[in-house]
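Report on the structure
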Amino acid sequence: MNAHTSGHTYSFLGPRGTFCHAALRQVAQEPTDTFIPATDVPSALRKVRNGETDFAVVPIENSVEGGVNATLDSLVSGDPLEIYGEIVVPIAFALAVRPGTKLEDVHRISTHGHAWAQCRNWLSAHLTEAVHVPATSTAAAVKELATNPNADFDAAVCAVPTVEEYGMVSLSDEIADSKNAVTRFILVGKPDKISSPSGADKTTLMVQLPSDESGALLRMLEQFSARGVNMSRIESRPIGDTLGRYAFSIDALAHVTEERMQAVLVGLHRVSPQVIFLGSYPTADRKPTPLQQGTSNDEFARARNWVASITQRVEE
């Protein structure tokens, strides 16, 4: 299944107007494709697993808050899923209110936890006593404000374009603490054909560490460093069955067809209790990955041939 052809169904963290919706619109377009909003990330991925949608677009990493735990955990909980692409969306937040609401009227603000964290300095400076009311997404908060006159909050933090979409007004379009914040989203589907290497690729893995061995983390990291494979992201996640047992979610800058990445996978498989492959796909910026000396496919092949020239002389 080719995620980049038309006629597919996509689930996403909804409702319409979320940053996730903006990310989806970079890879698919209505009406040739069908967009199905989900209330949260696990629901969006569950729709793919259940066959309700072909693909899902969900957030995986934010430049301010780091990894999105709901995505990292849901990717490996259930039937296998793989990543087929990534989309990076610049983040700008507005404080949305009903017409007529003034800043001094705002006491309770609803938004997603990641959005709140990215605006906490502005909010604490301008709305010292304001209370956060958690929402499943930024757009869900402003939609509730627009449609429910009994909503238990006075304002919502959301994407700037979403304010007008839901008929609200903005008290400020510049409430984000970081003006250069971005969120990375991933295109996820069931395992199928992997795209050919582009020269600017990532491979995403979940690697479990043995819990009873000293130096286990170092051994895992050595599998990458020894083969010249850089990691652009690494985050620990508890396995969940007992304290002290962890797996690591990793983005490696290499394609699974590259000899160096295959050598990493072989090494990880030898030293880790579980390695889950979550996809090889082009990076959003398409910036070619530089190779360290001795790590190209040709250099691996020459090294293998040299070893074979020796072992072929062993007596049978």
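Everything numeric in this text was worked out from a predicted model, so none of it was measured.

1. Quick notes on the nonpolar core
In terms of nonpolar packing, the biggest core is built from 53 residues, with Phe93 and Ile109 touching the most fellow members. In terms of nonpolar packing, the next biggest core, distinct from the first, is built from 14 residues, Ala135, Val142, Ala151 and Cys158 among them.

2. As for the UniProt feature "domain: Prephenate dehydratase" (unreviewed entry) in the protein
In the numbering used here, UniProt assigns the "domain: Prephenate dehydratase" (unreviewed entry) feature to residues 9-190. In this annotation, residues 9-190 is assigned 29% helix and 32% strand; the end-to-end C-alpha distance for the span is 13 Å.

3. Focus on the sheet that holds strand β14 (residues 246-252)
Strand order in the open sheet formed by four strands is β13-β14-β12-β15, and the pairing between neighbours is antiparallel. Each edge of the open sheet is held by one strand with a lone partner, namely β13 (231-238) and β15 (275-282). Strand after strand, the sheet turns through a mean of 15 degrees between neighbouring axes, direction not considered. Bridge analysis of strand β12 (residues 201-208) against β15 gives six bridges, and the strand direction is antiparallel. Looking across to β15, one finds that Asp201 is bridged to Pro282.

4. Regarding the pairing of strand β1 (residues 9-13)
Burial runs high along β1: five of the five residues are buried. Taking every second residue as pointing to the same face, both faces of β1 are buried, with Thr9, Ser11 and Leu13 on one and Tyr10 and Phe12 on the other. Taken together, β1, helix α1 (residues 19-24) and strand β2 (residues 34-38) form a β-α-β motif whose crossover is right-handed. Summarising the sheet, β1 and strand β3 (residues 55-62) pair through three bridges and their orientation is parallel. When the bridges of β3 are listed, Tyr10 appears paired with Phe55.

Parameters at a glance
- Residues numbered from 1 in each chain as written.
- Predicted model: local features only at pLDDT ≥ 70, side-chain atom pairs only at ≥ 80, totals over all residues.
- Heavy atoms only, no water.
- Core = buried A, V, L, I, M, F, W, Y, C linked by side-chain atoms within 4.5 Å.
- Buried < 20%, exposed > 50% of the residue type's maximum accessible area, 1.4 Å probe, protein only.
- UniProt positions renumbered as here; feature names shortened; annotations may be inferred.
- Helix = DSSP H or I, 4+ residues; strand = E, 2+ residues; numbered from the N terminus.
- Pairing = 2+ DSSP bridges.
- Axes fitted to C-alpha atoms, helices over the stretch in contact; angles between N-to-C directions.
- Right-handed = clockwise from strand over helix to strand, strands pointing away.

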